[in-house]
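These are the residues of each chain, in order.
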Amino acid sequence: MINAVHKIEEVKKQVNEWKKQNLKVGLVPTMGYLHEGHKSLIDRAVKENDKVVVSVFLNPLQFGENEDLDKYPRDLERDLEVCEKAGANLVFNPEVLEMYPESSCSYVNVENLTKGLCGAKRPVHFRGVCTVLTKLFHIVSPDKAYFGEKDAQQLAVVKKMVKDLNFNLEIVGCPIIREEDGLAKSSRNIYLSKEERKAALILNKSLKKANSLMENGERNAAKLKEIIENEINSETLAKIDYIEIVDSENLEKLDKIEKTVLVAIAVYIGKTRLIDNFTFKLN
Ligand code: PAF
């Protein structure tokens, strides 16, 4: 079984050896409890690189005070199995103090793109994501790093950070992986009761309806948002956090569909907050 490496210096040493041999290194950053979505990122990384590092680190910095850090699911043994089967070469699983010694007081913040969508109610979230990714990029020095399109805002923010701060790597976005019935795979799906699991289908259903209207020429963002809203509100267990139609790169709100847009939603099903989205490209 593949072993987890817990120390930063050990990862750096291994990566240095690979780099000396001119090998391409891919990084798949995760918070563990790996599912098919993560596996698809590792599969892609294995195809496109000589060596693949998967980080499994539940990053406390990206959780707000009343969020689910304490109950976030963990299963390192299973994660190691998934990584090994998928062909990863190293799993980096540091302790919190290894990543953030008590003296640690530096943060990375991407402005503008982090104000809306998930950032509106999760004010420290993206600062935590950008800080941990900056550290991981420095520790692993990957040629490419892989992210799911399900976290569309995260992907846009990370791309912007890499561009603004001249990180020397390519960010690769990978398609959303769904259950057979359309629910986007997420580590948080485990929180859903049987009844809530059924109710959660409303996210994908409402987005599909909007997508089909857009394909048939609807260009009015307010109208599309209202249709998504009505659809979600037809499900009694669902409570809308946000429905937004934004420019897919700078995440600014749009009134009209005139370019490539991101349609993104966050919905509480019971106490579980789920997100989903699609990107609509105008030809
Ligand atoms: O998407 C996630 O799982 C996390 O936000 C990430 C990118 C691993 C950073 O902790």
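Calculation notes
- Residues numbered from 1 in each chain as written.
- Predicted model: local features only at pLDDT ≥ 70, side-chain atom pairs only at ≥ 80, totals over all residues.
- Heavy atoms only, no water.
- UniProt positions renumbered as here; feature names shortened; annotations may be inferred.
- Near = heavy atom within 4 Å.
- Areas by Shrake-Rupley, 256 points an atom, 1.4 Å probe, with all protein chains shown as cover.
- Helix = DSSP H or I, 4+ residues; strand = E, 2+ residues; numbered from the N terminus.
- Polar contact = N/O pair within 3.5 Å; in protein donor to acceptor, adjacent residues only side chain to side chain.
- Contact = heavy atoms within 4.5 Å.
- Expected span 1.5 Å × (residues − 1).
- Buried < 20%, exposed > 50% of the residue type's maximum accessible area, 1.4 Å probe, protein only.
- Arc of directions from axis to C-beta.
- 1 Å grid on protein atoms, 1.4 Å probe; cavity = no way out; pocket = protein on both sides within 12 Å on 5 of 7 lines; lining within 4 Å.
- Points joined across faces, edges and corners; volume = space filled by probe spheres on them.
- Nonpolar A, V, L, I, M, F, W, Y, C, P; charged D, E, K, R; others polar.
- Pairing = 2+ DSSP bridges.
- Axes fitted to C-alpha atoms, helices over the stretch in contact; angles between N-to-C directions.
- Salt bridge = Lys/Arg side-chain N within 4 Å of Asp/Glu carboxyl O.
- Phe/Tyr/Trp six-rings, centres within 6.5 Å; stacked < 30°, edge-to-face > 60°.
- Lys NZ or Arg CZ within 6 Å of the ring centre and 35° of its normal.

- As annotated in an unreviewed UniProt entry, the protein is Pantothenate synthetase from Clostridium acetireducens DSM 10703.
- Quoted straight from UniProt, the Subunit (unreviewed entry) entry for the protein says "Homodimer."
- According to the UniProt record, the Pathway (unreviewed entry) comment for the protein is "Cofactor biosynthesis; (R)-pantothenate biosynthesis; (R)-pantothenate from (R)-pantoate and beta-alanine: step 1/1."

## Quick notes on the site of the ligand
Here is step 1 of the chain: Around the ligand sit Pro 29, Thr 30, Met 31, Asn 59, Gln 62, Val 129, Val 132, Phe 147, Asp 151 and Gln 154, and that is every residue in its neighbourhood.
Here is step 2 of the chain: In the complex, 88% of the free accessible area of the ligand, which totals 290 Å², lies under the protein chains.

## As for the side chain of His 35
Here is step 1 of the chain: Relative to the assigned elements, His 35 resides in the loop between β2 (25-30) and α2 (36-48).
Here is step 2 of the chain: For His 35, the side chain forms a polar contact with the main-chain nitrogen of Gly 37, separated by 2.9 Å.
Here is step 3 of the chain: Non-local contacts of His 35, meaning those with residues more than four positions away in its chain, are made with Lys 185, Ser 186 and Ser 187.

## Side note on helix α1 (residues 8-20)
Note that an α-helix has 3.6 residues per turn; residues three or four places apart therefore point the same way.
Here is step 1 of the chain: Between its terminal C-alpha atoms α1 stretches 18 Å, which fits the 18 Å expected from 13 residues at 1.5 Å a residue.
Here is step 2 of the chain: For α1, every residue scored as buried is listed here: Ile 8, Val 11, Val 15 and Trp 18. The arc enclosing the buried residues of α1, seen along the axis, measures out at 90°, which places them on a common side. Looking at α1, the residues exposed on the side facing more than 90 degrees away from the buried face are Glu 9, Lys 13 and Lys 20.

## Notes on the layout of surface pockets
Here is step 1 of the chain: Space inside the second largest pocket adds up to approximately 540 Å³.
Here is step 2 of the chain: Around the second largest pocket, the lining comprises 19 residues; the ones closest to its centre are Leu 155, Lys 159, Ser 248, Glu 249 and Thr 279.
Here is step 3 of the chain: Secondary-structure elements contributing two or more residues to the lining of the second largest pocket are α7 (152-164) and β9 (272-280).
Here is step 4 of the chain: Looking at which element gives the most residues to the lining of the second largest pocket, the answer is α7, with six residues.
Here is step 5 of the chain: Its residues assigned to classes, the lining of the second largest pocket comprises eight nonpolar, five polar and six charged.

## Considering the UniProt feature "binding site: (R)-pantoate" (unreviewed entry) in the protein
Here is step 1 of the chain: Under the UniProt annotation, "binding site: (R)-pantoate" (unreviewed entry) lies at Gln 62 and Gln 154. With the annotated positions falling across 93 residues, the maximum pairwise C-alpha distance of 11.5 Å places them together in a single cluster.
Here is step 2 of the chain: Looking at the element boundaries, Gln 62 is found in the loop between β3 (51-56) and α3 (76-86).
Here is step 3 of the chain: Apart from the residues lying within four places of it in its own chain, the contact partners of Gln 62 are Met 31, Glu 67, Arg 122, Val 124, His 125, Gly 128, Val 129 and Val 132.
Here is step 4 of the chain: Mapping Gln 154 onto the fold places it in helix α7.
Here is step 5 of the chain: What Gln 154 contacts, discounting residues up to four positions off in sequence, is Phe 126, Val 129 and Phe 147.

## Brief notes about the sheet that holds strand β5 (residues 144-148)
Here is step 1 of the chain: Here six strands make up an open sheet; going across it, the order is β1-β4-β3-β2-β5-β6 and the pairing parallel. Where the open sheet ends on each side, the last strands, each with one partner, are β1 (4-5) and β6 (170-174).
Here is step 2 of the chain: Against the sheet, helix α6 (residues 125-140) engages β2, β3, β4 (90-92), β5 and β6, with an angle of about 150° to β2.
Here is step 3 of the chain: In the packing of α7 onto the sheet, the strands contacted are β5 and β6, and the crossing angle to β6 comes to about 170°.

## Overview of the pattern of salt bridges
Here is step 1 of the chain: Tallied over the full model, the rule gives 20 salt bridges.
Here is step 2 of the chain: For Lys 205, the salt bridge goes to Glu 231, with nearest N and O atoms at 3.3 Å. Here Glu 231 lies in helix α10 (residues 221-233) and Lys 205 lies in helix α9 (residues 201-215), a separation of 26 residues in the sequence.
Here is step 3 of the chain: Take Glu 231: its relative accessible area is 11%, and that puts it in the buried class.
Here is step 4 of the chain: In the salt-bridge network here, residues are joined through shared partners; they are Lys 19, Lys 24 and Asp 143.

## Digging into the environment of Glu 179
Here is step 1 of the chain: Note on placement: Glu 179 falls in the loop between β6 and α8 (194-199).
Here is step 2 of the chain: The sequence separation of Glu 179 and Glu 36 amounts to 143 residues, and the corresponding C-alpha distance is 9.1 Å.
Here is step 3 of the chain: Setting aside residues up to four positions removed in sequence, Glu 179 forms contacts with Lys 185 and Arg 197.
Here is step 4 of the chain: A polar side-chain atom of Glu 179 sits 3.4 Å from a polar atom in the side chain of Lys 185.

## Let's talk about the packing of aromatic side chains
Here is step 1 of the chain: Taken as a whole, this structure holds three aromatic pairs when the rule is applied.
Here is step 2 of the chain: Measuring from ring centre to ring centre gives 6.1 Å for Phe 57 and Tyr 100, while their planes differ by 50°; the resulting arrangement is tilted. Residue Phe 57 is located in the loop between β3 and α3, and its partner Tyr 100 is located in the loop between α4 (96-99) and α5 (118-121); the two are separated by 43 residues in the primary sequence.
Here is step 3 of the chain: For the ring pair Phe 63 and Tyr 72, a centre distance of 5.9 Å and an interplane angle of 80° mean the geometry is edge-to-face. For the residue pair Phe 63 and Tyr 72, the accessibility class agrees, reading buried in each case.
Here is step 4 of the chain: Over the ring of Tyr 191 we find Lys 71; its NZ or CZ atom is 4.3 Å from the centre of that ring.
Here is step 5 of the chain: The ring of Tyr 33 has Arg 78 sitting right over it, with the charged end atom 5.0 Å from the ring centre.

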